[in-house]
Amino acid sequence: MKKKLIEVAIPLEAINTASIREKSIRHGHPSTLHLWWARRPLAACRAVLFAQLVDDPSSHPDRFPTPKAVEAERLRLFSIIEELVQWESTTNDEVLERARAEIRSSCGEDLPHIYDPFSGGGSIPLEAQRLGLPSYGSDLNPIAVMIGKSMIEIPPKFLHQAPVHLGAGGRTSYRYAEGLAEDVQHYGEWIRQRAFERIGEYYPSVEIPVGTNAAGGKKDGKVVAWIWVRTVPSPDPAFADVEVPLLSSFTLSSKKGREVWIEPIVDKNSKTILFSIRTGGTSAEIKAAEMGATAGKRQGFRCLISDAAITYDYIRTIGQAGKMGTRLVAIVAEGKRGRIFLPANDEHERIAHSANPEWKPRLVLQGKAQVNVANYGITTVGDLFTNRQLLALDTISNLISEVKKKIESDAISRGMADDARHLRDGGAGALAYSEAVSLYLSFGVSRLADISNAHCNWSRSANQAVHLFGRQAIPMVWDFAETALFSDMAGDFRTSLNSIVKALVRLNPASEGFEVQHDAQSMSYPENAVISTDPPYYDNIDYADLSDFFFELMKRNASDIYPDIFQVLATPKNEELVASPSRFGGKDAAESHFLNGMSVAIANMARGANSNFPTTIYYAFKQSEIQAEGISSTGWATFLSAVMSAGFQIVGTWPIRTERDTGLKVGMNVLANSVVLVCRKKISTAEVITRAEFIRALKRELPPAIAELQAANIAPADMPQSAIGPGMGVFSRYKGVLESDDSPMSVKAALQLINRELDDYLGGIQGEFDADTRFAITWFEQNGLKAGDYGTANNIATARGISVESVKHAGIVESQAGKVRVLRRDELDDKWEPGTDQHLTIWECLQHLVRLHEKDGISHATSVLLKKIGDKGEAVKDLAYILYDINANKRQDAKEAIAYNALIADWTELSRQAATVYDTRGDLQQRLDL
Ligand SMILES: C[S@@+](CC[C@H](N)C(=O)[O-])C[C@H]1O[C@@H](n2cnc3c(N)ncnc32)[C@H](O)[C@@H]1O
């Protein structure tokens with residue numbers, strides 16, 4: 001059995017940096033095909049799969065006989081991963097082919113199947129397919145299954161085909177799914193035009209008054225959105241016949257210097273509340289506007305006409321009686337210089353209210369989907385929309401079923417097989433093609449529903465509507481933005497489809513893909529499947545409840561394509577592995593449902609997994625879990641236990657970061673909230689050992705593993721989570737570890753011991769340093785940069801066989817008037833040269849390196865210094881780990897910790913650049929200029 005790269009080391013920093021960067025990429029990202037919650041970054045999935053399949057060089061002693069050769073080969077593989085994880089590489093055939101060739105060279109031409117039994121948004125199967133591996137995904141949820149099919153199963157069926165729409169022509173070649181994408185766009189446009197003919201009257205333009213801005217005087221100004229507010233009858237009996245608005249804020253735009261806000265004009269006599277649009281105003285007015293009609297934070301509202309309190313209880317009663325209304329507050333239009341805000345008008349309000357849809361989703365909201373809204377009488381999916389929005393969704397859905405026939409006949413006239421075979425039956429002819437295009441069109445409807453519902457906030461800072469699922473719940477909103485369907489902006493079907501088209505054209509499948517609906521607990525895997533998966537975690541996200549929002553819409557559009565999947569009334573809930581107390585009858589019952597089910601699913605994986613490869617399982621911590629309990633949190637320990645009892649041995653744990661920590665937390669002991677577990681099938685003859693034997697085994701096996709991690713430049717902040725892997729590798733190899741009282745050692749206790757060994761390891765490195773550096777470490781640990789007594793300093797120095805004078809001579813400390821203090825980096829001589837320093841210490845080398853790195857980052861000067869430090873580099877790096885640990889854990893000095901973490905994070909790149917430096921004389925630039 002060959003060891004795989006992921007069992008030893010991966011270039012974590014590069015993977016994490018690319019994963020963080022990927023979060024800000026929207027255009028063309030496959031996640032824009034359809035919303036799904038908690039997707040893993042593609043960069044991480046790609047790197048994990050690669051490292052899971054490619055042999056670690058230590059598996060080939062014939063080719064890499066020495067540690068040096070192994071190290072060099074690992075670095076070569078790292079550089080492939082570093083390139084592979086870049087977003088730009090997702091469509092770079094050369095980079096992808098290099099990675100595929102490497103996989104083939106480790107696995108042979110008969111490539112293993114990759115299987116993800118919790119495929120969700122499809123990230124893992126998609127990346128497997130990109131790497132040329134036969135790719136399988138399954139999920140319990142019909143929406144996830146549709147996403148999976150749209151990503152990995154459908155595009156390979158129509159690879160490199162030209163579009164079928166009759167207007168296509170001129171272009172001779174289409175790659176991958178480009179033709180399909182063009183058809184989605186074309187038929188989407190066809191639908192939009194017909195939708196305009198049918199319901200365009202419900203989307204009036206607006207007159208922009210003269211003087212408003214450069215667009216002033218325009219009769220048919222384009223509406224971007226209508227801002228509505230929910231209303232209730234005034235609780236004051238004297239005004240019970242007045243509908244009062246629940247405005248959470250009067251602010252419409254908070255852009256600095258260009259604030260726009262609503263001023264309610266209240267007339268008690270006529271019992272009216274009108275809204276005028278104000279710009280400018282004093283800062284007090286602007287501030288007051290932010291409060292809207294609220295009575296203070298979480299205090300409910302106040303009646304704008306009588307000032308009576310409007311409690312949430314009152315609103316709930318009104319909502320549940322179906323008496324909550326809506327009122328138009330303002331109209332947002334497109335001006336020549338950005339968005340402009342116009343007063344509401346009766347005509348626009350009347351038109352909106354005249355919409356009368358024939359269809360409304362009736363599915364009752366459940367769990368997290370209803371928790372914020374049901375109390376207010378919003379109990380079904382249909383209740384989340386205005387009538388005009390429902391009319392739009394209904395009209396477009398009808399048109400999708402109409403256009404399907406047209407696509408089929410166009411495809412036949414373009415020569416596609418008229419074989420009447422459905423996609424679900426393996427068809428790839430005209431009927432199947434029409435179904436494929438319709439499925440993507442129906443994704444456009446989902447996107448539209450997400451940005452066109454009565455729970456979309458108006459972002460006052462960005463001046464745009466915010467889509468519904470910014471969070472993993474449906475929020476209650478008091479004032480909402482109703483986007484305009486034919487605006488060519490967010491809320492237009494065309495805009496929704498554009499994102500889908502952009503994602504489709506970038507898909508580049510290099511193998512077949514299959515997505516099916518399965519419960520991970522009861523499915524059987526294809527023979528020899530390599531498993532990589534990202535299961536749900538506890539109660540983080542109730543996928544089924546949330547995805548009901550899309551279910552009925554998609555069922556309308558896709559049930560004739562996949563009738564088996566859509567024969568149910570709602571997304572399956574009972575088998576879903578989430579610890580949802582409301583669904584499973586309380587917290588304890590929910591927890592055991594999750595744990596038992598997850599154990600069954602993982603045991604199923606352990607049975608089905610190919611024993612020649614490790615299995616990778618993503619684990620998502622909750623932020624609160626990490627903060628409260630750190631590395632040995634109960635949830636994490638429980639999950640690890642479940643994985644081990646299911647028949648796996650854990651051999652690696654890689655922290656994956658998807659968020660750049662901000663502020664002072666950067667690089668501090670902030671644990672990543674996602675870890676990739678690397679598991680191997682457990683050998684059943686495993687023996688039982690004692691606690692003492694376990695500790696001995698840790699002491700023997702952990703140091704070389706940590707040294708490998710350091711050699712891979714795992715950042716100090718990621719070291720505690722990364723070291724769990726090899727530590728757990730020892731623990732889980734045995735059938736059990738017995739405590740001194742013969743009770744079995746808990747995973748939590750094992751995690752604590754592993755962490756302790758890591759600390760001891762870092763402490764133990766000190767013996768390798770020069771005595772001055774060892775003095776400085778101890779002194780710094782006790783005093784930081786503050787001055788301390790000479791007497792104590794002298795004792796510490798003497799114990800190391802030197803004097804304080806020696807450390808002073810080395811340029812590490814200042815010693816005067818009976819006090820000793822470590823010099824700050826800014827006090828060091830910036831002309832310092834390691835080559836000429838007669839009393840060179842590791843401490844100085846590190847401090848000078850950090851000084852330059854803090855100033856310039858990865859720069860020529862920093863790389864030159866690293867080059868000059870030469871073979872002391874490894875010791876310098878060791879010291880950086882130690883000082884990180886002291887600052888982050890013992891001295892709680894975030895700023896210092898960050899400096900060391902950042903240096904290690906950039907170490908790979910600095911070493912690479914240092915290797916290319918031939919002339920280390922600092923005046924190179926000056927000489928070149930001359
Ligand atoms: C964390 S998500 C996967 C996300 C995915 N890796 C991505 O990047 O988009 C977990 C998935 O498990 C699915 N799931 C929950 N219970 C399941 C079960 N019993 N069988 C199969 N899938 C299940 C959920 O529907 C959800 O899509």
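Computed from a predicted model, the values in this text were never measured in an experiment. (Residues numbered from 1 in each chain as written. Predicted model: local features only at pLDDT ≥ 70, side-chain atom pairs only at ≥ 80, totals over all residues. Heavy atoms only, no water.)

Once that is clear, we can look at the pattern of salt bridges. Counted according to the given criterion, the structure contains 62 salt bridges. Between R76 and E102 there is a salt bridge whose closest N-O contact spans 3.1 Å. Within this pair, whereas R76 is found in helix α3 (residues 67-84), its partner E102 is found in helix α4 (residues 93-107), the two being separated by 26 residues in sequence. Judged by relative accessible area, which is 35%, R76 ranks as partly exposed. With its nearest N and O atoms 3.8 Å apart, the salt bridge here joins K877 to E874. (Salt bridge = Lys/Arg side-chain N within 4 Å of Asp/Glu carboxyl O. Helix = DSSP H or I, 4+ residues; strand = E, 2+ residues; numbered from the N terminus. Buried < 20%, exposed > 50% of the residue type's maximum accessible area, 1.4 Å probe, protein only.)

A word on the site of the ligand. Near the ligand lie 25 residues; those nearest to it are R40, G121, S123, D139 and D534. The contact in question runs from an oxygen atom of the ligand to an N or O atom on the side chain of S123, over 2.7 Å. In the model, a nitrogen atom of the ligand is placed 2.8 Å from a nitrogen or oxygen of the D534 side chain. Coverage of the ligand by the protein amounts to 99% of the 600 Å² it exposes when considered alone. Each residue belonging to the shell around the ligand can be placed in one class, and the counts come to 10 nonpolar, eight polar and seven charged. (Near = heavy atom within 4 Å. Polar contact = N/O pair within 3.5 Å; in protein donor to acceptor, adjacent residues only side chain to side chain. Areas by Shrake-Rupley, 256 points an atom, 1.4 Å probe, with all protein chains shown as cover. Nonpolar A, V, L, I, M, F, W, Y, C, P; charged D, E, K, R; others polar.)

In this structure, strand β6 (residues 260-267) lies alongside strand β7 (residues 272-279), joined through eight bridges in antiparallel fashion. What sits directly across from I265, in β7, is L274. Between β6 and β7, which pair antiparallel one after the other, the connecting turn spans four residues, and K271 there sits at a positive phi close to 55°. (Pairing = 2+ DSSP bridges.)

With respect to topology, three strands assemble into an open sheet ordered β22-β24-β23, the strand pairing being antiparallel. Edge strands, defined here as strands with exactly one partner in the open sheet, are β22 (788-789) and β23 (813-816). By the bridge criterion, four bridges tie β23 to strand β24 (residues 819-822) in an arrangement that is antiparallel. Across the sheet, residue V813 finds its bridge partner in β24, namely V822.

Ordered in space as β15-β2-β1-β16-β17-β19-β18, the seven strands form an open sheet in which the pairing is mixed. Whereas interior strands pair on both sides, the edge strands pair on one side only; in this sheet they are β15 (513-517) and β18 (648-656). Pairs of neighbouring strands in the sheet enclose a mean axial angle of 20°, with direction left out of account. Both strand β1 (residues 114-116) and strand β2 (residues 135-139) contribute to a ladder of three bridges, which runs parallel. Bridging from a neighbouring strand, Y115 pairs with Y136 of β2. Packing against the sheet, helix α17 (residues 587-608) makes contact with β16 (530-533), β17 (615-620), β18 and β19 (674-681), and its axis sits at approximately 110° to β18. (Axes fitted to C-alpha atoms, helices over the stretch in contact; angles between N-to-C directions. Contact = heavy atoms within 4.5 Å.)

All right, on to the domain arrangement of the chain then. Note: interface size is frequently given as the accessible area lost on complex formation between the parts. According to the domain assignment, the chain contains domain 1 (5-157 + 515-679) and domain 2 (825-930). A separation of 37 Å is found between the C-alpha centroids of domain 1 and domain 2. (Domains from an automatic or database assignment.)

A word on α17. For α17, spanning 22 residues, the distance from its first C-alpha to its last is 31 Å, which sits close to the expected 32 Å at 1.5 Å a residue. Every buried residue of α17 is accounted for by A590, F594, L595, G597, M598, A601, I602, A603, N604, M605, A606 and G608. The elements touched by buried residues of α17 are β16, α16 (581-584), β17, α19 (634-645), β18 and β19. (Expected span 1.5 Å × (residues − 1).)

Another point: the pairing of β24. Where β22 lies against β24, two bridges are found, and the strand directions are antiparallel. Bridge pairing in β24 places D789 opposite K819. The hairpin turn running from β23 into β24, its antiparallel successor, is two residues long, and A817 in that turn takes a positive phi close to 50°.

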